[in-house]
Amino acid sequence: MGRFINRKDPDYHSRALELKTDADLVASIVLALNFTRRIKSQVKSTQGLIQNDCVAACFTPEGLWLAANSQSIREPEVAHLREELCDHEMDIYTVVNGKKNVMHAEMQLLHELLSEYTADDIRGLEMGVSKPCCTPCREELDKFGIRYSAYHNDKVVNWQKP
């Protein structure tokens, strides 16, 4: 579905930007808003936190669904996102499933989608992610026919099936 991207390549950042979809950009905006509001000093350790977190976004018939790997998405971020999207009426839902830092944002959304819709209903939906999907997430999204822009094959230490 998505395209492979090597996170160790010198061109990683420019390639990742080229592949980003609108849903990826929404996820990236939420991640940036989340850390901007929470982290007061931008030092190496706080920048490391933002590199480890991930936000996923999925537009469904009911509205926009969001999930984050480790940071909770709060109402100030949702309100600011509505401003950025210029859609004050859009329904935006935040999803929390699985153990914190273990169930990736993509899998939290997949879990919620499967609880609300049939597998046929979600086939073809697009999931935006603030960074490329890992291999286990890619495999699960492919299994259900959910589109995403990019993936990597770096080993991940924490992962939980939806």
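Look above for the structure.
Residues numbered from 1 in each chain as written. Predicted model: local features only at pLDDT ≥ 70, side-chain atom pairs only at ≥ 80, totals over all residues. Heavy atoms only, no water.

Points about the packing of aromatic side chains
By the definition in use, this model includes three aromatic pairs. Residues Trp-65 and Tyr-117 carry aromatic rings whose centres are separated by 5.9 Å and whose planes lie at 35 degrees to one another, so their mutual orientation is tilted. Placement of Trp-65 in strand β3 (residues 63–68) and of Tyr-117 in the loop between α5 (105–116) and α6 (119–122) is noted, with a sequence separation of 52 residues between them. A relative accessible area of 6% means that Trp-65 is categorised as buried. Linked through ring pairs, Trp-65, Tyr-93 and Tyr-117 together constitute an aromatic cluster. (Phe/Tyr/Trp six-rings, centres within 6.5 Å; stacked < 30°, edge-to-face > 60°. Helix = DSSP H or I, 4+ residues; strand = E, 2+ residues; numbered from the N terminus. Buried < 20%, exposed > 50% of the residue type's maximum accessible area, 1.4 Å probe, protein only.)

Focus on the pairing of strand β2 (residues 55–60)
The element β2 is extensively covered by neighbouring structure, given that five of its six residues are classed as buried. Pairing analysis gives six bridges linking β2 to β3, with the strands arranged antiparallel. Each residue of the ladder has a partner; that of Ala-56, found in β3, is Ala-67. From the end of β2 to the start of β3, which pair antiparallel, there are two residues. (Pairing = 2+ DSSP bridges.)

All we've got here are geometric facts, nothing functional implied.
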